[in-house]
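Read off the chains here:
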Amino acid sequence: MKIIAVTVTYNRLPILKQHCVAMLSQTRCPEQWIIVDNNSTDGTKEYLLELKRMYPDLLTCVFLPENTGGSGGFEQAIRMAYEYGMDYIWGMDDDAIPEKDALALLEKAAEHYPEDRYCLRSNTYYLDSQGQFVLEQITQQDQISGLTFVGFFIPYKAVSKI
């Protein structure tokens, strides 16, 4: 299974650095990784250019001329990822910090679903009203009517139908 990761970022360099460490520490790394910068002004571009120098075969950086928002950034990222022809696209915002085995678990889970009809997502933590992180888990029986930009896993065949 070939997987391409996509990340969208905007002016959150400290958390982006944590995100990148987590992505580069995966037990199962993606074949390619696209990071779309939504015209950050906080040093993100310089950081990503240095990261690209360190991982030239893995990383593609896209620097948009204006902030198109999360949706605009993901539209660009998914369009580019689709052109690579990988089996799956794994996407997330810059503030998603995947556990080291996140991609390996998504890949294993994907083996149980038809590639042309299902999209998976990672279990995620969110802040509750008391400021505590709470794990929001989904089960096999859950139906997802929408996805956040935190760990979606989309089959190439499903994207090709859109």
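So, how was this worked out
Residues numbered from 1 in each chain as written. Predicted model: local features only at pLDDT ≥ 70, side-chain atom pairs only at ≥ 80, totals over all residues. Heavy atoms only, no water. Helix = DSSP H or I, 4+ residues; strand = E, 2+ residues; numbered from the N terminus. Buried < 20%, exposed > 50% of the residue type's maximum accessible area, 1.4 Å probe, protein only. Contact = heavy atoms within 4.5 Å. Areas by Shrake-Rupley, 256 points an atom, 1.4 Å probe, with all protein chains shown as cover. Core = buried A, V, L, I, M, F, W, Y, C linked by side-chain atoms within 4.5 Å. Pairing = 2+ DSSP bridges. Right-handed = clockwise from strand over helix to strand, strands pointing away.

### As for the overall build of the protein chain
- Helices and strands together make up the secondary structure of the protein chain, namely 5 helices and 8 strands.
- Its helices and strands in sequence order give the protein chain the pattern β-α-β-α-β-α-β-α-β-β-β-β-α, from N to C terminus.
- Relative to its 162 residues, the protein chain shows a buried fraction of 40%.
- Taking the intrachain contacts of the protein chain between residues at least 6 apart in sequence as the baseline, contacts between residues at least 24 apart amount to 79%.
- Summed over its atoms, the accessible surface of the protein chain is roughly 9,300 Å², and 50% of this surface lies on carbon and sulfur atoms.

### Quick word on unusual backbone geometry
- A positive phi is found at asparagine 11, a non-glycine position, where the angle reads about 50°.
- One can find asparagine 11 in the loop between strand 1 (3-9) and helix 1 (13-24).
- On the basis of relative accessibility, which here comes to 26%, the residue asparagine 11 falls in the partly exposed class.
- Unlike most non-glycine residues, asparagine 39 shows phi in positive territory, near 70°.
- The topology assignment puts asparagine 39 in the loop between strand 2 (32-37) and helix 2 (44-54).

### Things to note about the nonpolar core
- One finds Trp33, Trp90 and Phe153 to be the most contacted residues of the largest nonpolar core, which totals 22 residues.
- Where this core is concerned, the elements lending two or more residues are strand 1, helix 1, strand 2, helix 2, strand 3 (59-63), strand 4 (88-93) and helix 4 (102-110).
- In terms of nonpolar packing, the next biggest core, distinct from the first, is built from 16 residues, Val6, Val8, Met80 and Met86 among them.

### Remarks on the side chain of threonine 9
- You can see threonine 9 is positioned in strand 1.
- Look at threonine 9 and you get buried, because its relative accessible area is 1%.
- Setting aside residues up to four positions removed in sequence, threonine 9 forms contacts with Leu16, Ile35, Val36, Asp37, Asn38, Ser40, Thr44, Leu48 and Asp94.

### Let's talk about the pairing of strand 4
- In terms of residue burial, strand 4 counts as a mostly covered element, since 6 of its 6 residues are buried.
- Pairing geometry for strand 1 and strand 4, over 6 bridges, is parallel. When the sheet's bridge partners are listed, valine 6 is paired in strand 4 with glycine 91.

### Digging into the pairing of strand 2
- With 6 of 6 residues buried, strand 2 is to be regarded as a mostly interior element.
- Residue alternation in strand 2 divides its side chains into two sets, Gln32, Ile34 and Val36 and Trp33, Ile35 and Asp37, and both sets are buried.
- Where strand 1 and strand 2 come together, 6 bridges link them in parallel fashion. In the strand pairing of strand 2, threonine 7 is matched with isoleucine 35.
- Following the backbone out of strand 1, through helix 1 and into the adjacent parallel strand 2, one traces a crossover that is right-handed.
- Bridging between strand 2 and strand 3 involves 5 bridges; their strand directions are parallel. The partner of valine 36 across the bridge, within strand 3, is valine 62.
- Remark: the strand 2/helix 2/strand 3 crossover connection has right-handed handedness.

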